[in-house]
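Per-entry structural report
Listed here are the chains, written in short residue letters.
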Amino acid sequence: MSAGRRTRWIEDWDPEDEAFWAAEGRRTARRNLVLSIASEHIGFSVWSLWSVLVLFLSPDIGFAFTPGEKFLLVVTPTLVGAVLRLPYSHAVARFGGRNWTVFATLLLLVPTSLAAYFVQRPGTPLWVFLLIGALGGVGGGNFASSMTNITAFYPQRYQGWALGLNAGGGNLGVAVVQLLGLLVIATAGDTHPAYVAAVYLPLIVLVALFAALRMDNVAAVRRAGGGLAEAARHPHTWCISVLYIGTFGSFIGYGFAFGLVLQTQFGSTPLEAASYTFLGPLLGSLARPFGGRLADRWGGAPVTALTFVAMGAGTGVLLLATRLDSFALFVAGFTVLFVLTGLGNGSTYKMIPAVFADQAGEKVTEGADAADAFARARRLSGAVIGIAGAVGALGGVGVNLAFRGAYGSEGGSGTPAFLAFIAFYAVCVALTWAVYLRPARDGSDGVRRPVRTSGVTRV
């Protein structure tokens, strides 16, 4: 495919056509997926940059912020990133996957360069860092545009795995920036936070350049746009969004707060905290594609429900570790929780295209035009990805606010926050069962059968 063609919209894109997929579609989709992962990875790193920088902000370098103020610093980019996901998901349909990826990646230079500059200025007031953190929220928006774009490249039967790879590679940005923070602390000490931000400046430019040269704009993304209003009226949109609060909201909230929790709960030094904070997000990110693969095989709803049950049990381990004041058990429990959130992220996102593809299939059996029905399914899937991504990221805000409230007072404990998380996971299990798994009466024979949601749950 020529570079000239990539600057325009590709109209003849049909990944469901077996011959097209084998001859050209698979190769083109894979190339765009790799570059999408790279851009989203950098976006996540910039979005979660302050989860690392707050570990450096101490009186030793001129910043005497309280634990509550530090939690506020990690809440701010989480909130802005969540809010930006809706317009970002629409922007890729309006401007094209390649065009928007290049712009959104280059935009990351603004918060990254500002962070690198101001962390070297002792006495900088909190509001300046809050503003920079808010600008860093643009990295969180990249997820929605990237996922909306990649959905159009792959046939429905491969979307669980492709979306899992795309999101998992992006989620790895949380672990990598924390690993980078550990490397800086271990080699240069805990007084040089600017080094962490500075590393990303050339990487941002490099990823944007490759995206400009090798990514594509496809008309399938443009046709998938414009479904936000229709998706907002669909009950499945909000059911899946609530589930995504529990999975992705937990992942990003824990990822942003883990280091601060270790410092506050156990009095860890920056080096000690950084030595453990990267492991959970790393394993959780790697687990996400496998959550999508499990959902491809067994259905999204069963995998999601079992994941929430396990997450509730894992949070119970954190309660026990807090009671015993066991650092090792606490870190182990949190690490397992990260893995479970990754699996749940993949399975929950697989439910989105599967739900609407199933409904399209039902419309076709009732006599509707197949092309129109499945075009509507793709449009709604792209819109729901944006809405669920935004709502789910707000869960990260809730996690950090819960921790801020729990640890805000002198001698505070994480117990109230953990109890709240367990209660919410129980709600998610009940919701998944009621909407996607509970047997329902079918027809006049009175026989109870599983709800028909092929691809969401196995029938």
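Residues numbered from 1 in each chain as written. Predicted model: local features only at pLDDT ≥ 70, side-chain atom pairs only at ≥ 80, totals over all residues. Heavy atoms only, no water.

Right, let's talk about helix H19 (residues 415-437) for a bit. Under the 1.5 Å per step criterion, the end-to-end length of H19 is 32 Å for 23 residues, consistent within 8% with the ideal 33 Å. All buried positions along H19 are accounted for by Ala 417, Phe 418, Phe 421, Tyr 425, Cys 428, Thr 432, Tyr 436 and Leu 437. At its buried positions, H19 is contacted by helix H13 (235-266), helix H16 (300-324), helix H17 (327-365) and helix H18 (370-407). (Helix = DSSP H or I, 4+ residues; strand = E, 2+ residues; numbered from the N terminus. Expected span 1.5 Å × (residues − 1). Buried < 20%, exposed > 50% of the residue type's maximum accessible area, 1.4 Å probe, protein only. Contact = heavy atoms within 4.5 Å.)

Attention shifts here to helix H6 (residues 109-118). Those residues of H6 not exposed but buried are Pro 111, Thr 112, Ala 115 and Ala 116. The buried residues of H6 all sit within an arc of 130° when viewed along its axis, so they share a single face. Along its buried surface, H6 packs onto helix H2 (18-47), helix H3 (49-56), helix H5 (97-107), helix H7 (126-136), helix H8 (138-153) and helix H10 (194-214). (Arc of directions from axis to C-beta.)

Looking now at the side chain of Ser 51. With respect to the helices and strands, the residue Ser 51 is situated in helix H3. A distance of 2.6 Å separates a polar atom in the side chain of Ser 51 from the backbone oxygen of Ser 48. Beyond its immediate stretch of four places on either side in the chain, Ser 51 contacts Val 74, Gln 178, Gly 255 and Phe 256. (Polar contact = N/O pair within 3.5 Å; in protein donor to acceptor, adjacent residues only side chain to side chain.)

The subject of this paragraph is the pattern of salt bridges. Taken as a whole and assessed by the stated rule, the structure comprises 2 salt bridges. Measuring nitrogen to oxygen at the nearest pair gives 3.1 Å for the salt bridge that ties Lys 350 to Asp 296. Linking Lys 350 in helix H17 with Asp 296 in helix H15 (residues 279-298), this pair joins segments that are 54 residues apart in sequence. On the basis of relative accessible area, Lys 350 is assigned to the buried category, the value being 5%. (Salt bridge = Lys/Arg side-chain N within 4 Å of Asp/Glu carboxyl O.)

Turning our eyes to something else, we now look at the nonpolar core. Counting residues in hydrophobic clusters, the biggest one holds 118 residues, and the most contacted among them are Val 196, Tyr 254, Phe 330 and Phe 403. If we ignore the near neighbours within four places in the chain, the residues touching Phe 403 are Phe 71, Tyr 254, Ala 257, Val 261, Phe 334, Gly 408, Ala 417, Phe 418 and Phe 421. (Core = buried A, V, L, I, M, F, W, Y, C linked by side-chain atoms within 4.5 Å.)

The next subject is the packing of aromatic side chains. Within the structure shown, the criterion is met by 40 aromatic pairs. For the pair Tyr 254 and Phe 403, a centre-to-centre distance of 6.4 Å together with 50° between the ring planes defines the contact as tilted. With Tyr 254 in helix H13 and Phe 403 in helix H18, this pair connects stretches of sequence that are 149 residues apart. The same class applies to Tyr 254 and to Phe 403, which are both buried. Positioned over the ring face of Phe 95 is Arg 94, at 5.1 Å from the centre of the ring. Looking at Arg 121, its charged tip hangs above the ring of Tyr 117, at a distance of 4.2 Å from the centre. (Phe/Tyr/Trp six-rings, centres within 6.5 Å; stacked < 30°, edge-to-face > 60°. Lys NZ or Arg CZ within 6 Å of the ring centre and 35° of its normal.)

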